[in-house]
Amino acid sequence: MAKDTQAEKTPHHQLGIIADLERTQLKRLEVVSIIEATTLVLLVFIAVPLRHLWGWPYGSKLLGPIHGIAFLAYIWTAIQTVAGGGWHQREVVRLLLVAFVPFGGYANIRWLRERARTIAEIKQA
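Residues numbered from 1 in each chain as written. Predicted model: local features only at pLDDT ≥ 70, side-chain atom pairs only at ≥ 80, totals over all residues. Heavy atoms only, no water.

Asker: Is there a simple way to explain a nonpolar patch on the surface in this structure?
Answerer: Taken together, the side chains of Ile34, Leu42, Val44, Phe45, Ile46, Phe103 and Tyr106 define a hydrophobic patch exposed on the protein surface, amounting to about 580 Å² of accessible area. Ranked by residues supplied to the nonpolar patch, first place goes to helix α2 (residues 11–54) with 5 residues. Considering the arrangement of structural elements, one finds Ile34 in helix α2. (Patch = residues over 30% accessible without salt bridge, like charges linked within 9 Å, V, L, I, M, F, W, Y side chains within 5 Å. Areas by Shrake-Rupley, 256 points an atom, 1.4 Å probe, with all protein chains shown as cover. Salt bridge = Lys/Arg side-chain N within 4 Å of Asp/Glu carboxyl O. Helix = DSSP H or I, 4+ residues; strand = E, 2+ residues; numbered from the N terminus.)

Asker: Would you take a moment to explain the nonpolar core for this structure?
Answerer: Here is a general trend for soluble globular proteins: nonpolar side chains tend to be buried in one another's company. With 17 residues, the main nonpolar core has Leu26, Leu29, Tyr74, Trp87, Leu95 and Leu112 as its most contacted residues. Those elements that provide at least two residues to this core are α2, α3 (58–82) and α5 (104–124). Among the elements that take part in this core, α3 stands out by supplying 5 residues, more than any other. For Tyr74, the residues in contact, after removing those within four places along its chain, are Leu29, Val32, Ser33, Glu36, Leu95, Val98, Ala99 and Asn108. (Core = buried A, V, L, I, M, F, W, Y, C linked by side-chain atoms within 4.5 Å. Buried < 20%, exposed > 50% of the residue type's maximum accessible area, 1.4 Å probe, protein only. Contact = heavy atoms within 4.5 Å.)

Asker: How should I be thinking about the packing of aromatic side chains in this particular structure?
Answerer: For any two aromatic rings, the description comes down to two numbers: the centre-to-centre distance and the angle of the planes. Counted according to the given criterion, the structure contains 5 aromatic pairs. Judged by centre distance (5.3 Å) and plane angle (65°), the rings of Phe71 and Phe100 are edge-to-face. Here Phe71 is found in helix α3, whereas its partner Phe100 is found in the loop between α4 (89–97) and α5, with 29 residues between them in sequence. Centroid distance Phe103 to Tyr106: 6.1 Å. Interplanar angle 40°. Geometry classified as tilted. Judged by relative accessible area, which is 44%, Phe103 ranks as partly exposed. (Phe/Tyr/Trp six-rings, centres within 6.5 Å; stacked < 30°, edge-to-face > 60°.)

Remember that the coordinates give geometry; whether it matters functionally is a separate question.
The structure is reproduced here in structure tokens:
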């Protein structure tokens, strides 16, 4: 019980831990976003044209499942990230929509880093 009393006296400490966890999750989402975006770009701009223009199906047979796994990992990580709360509906929709747009994951990086920077500033305040 002493720990509960101490935790109630130091809410800033708890906020710091939560902020660190959220920043870690945002970094994880950033990495998965880059991987997902890269596999999508390779699939759409290299593998699919090779298949349809030059009759070489092996690129899309290889990259298709790799991108599928990367896409599922991105969606799962995005859901984990927003499950912590504090996200507006339009932010959640944006996180999910960028997975469908080539280069969308790269555009997402700046936004995720800005959110992490904001969390760091709130923690320090």
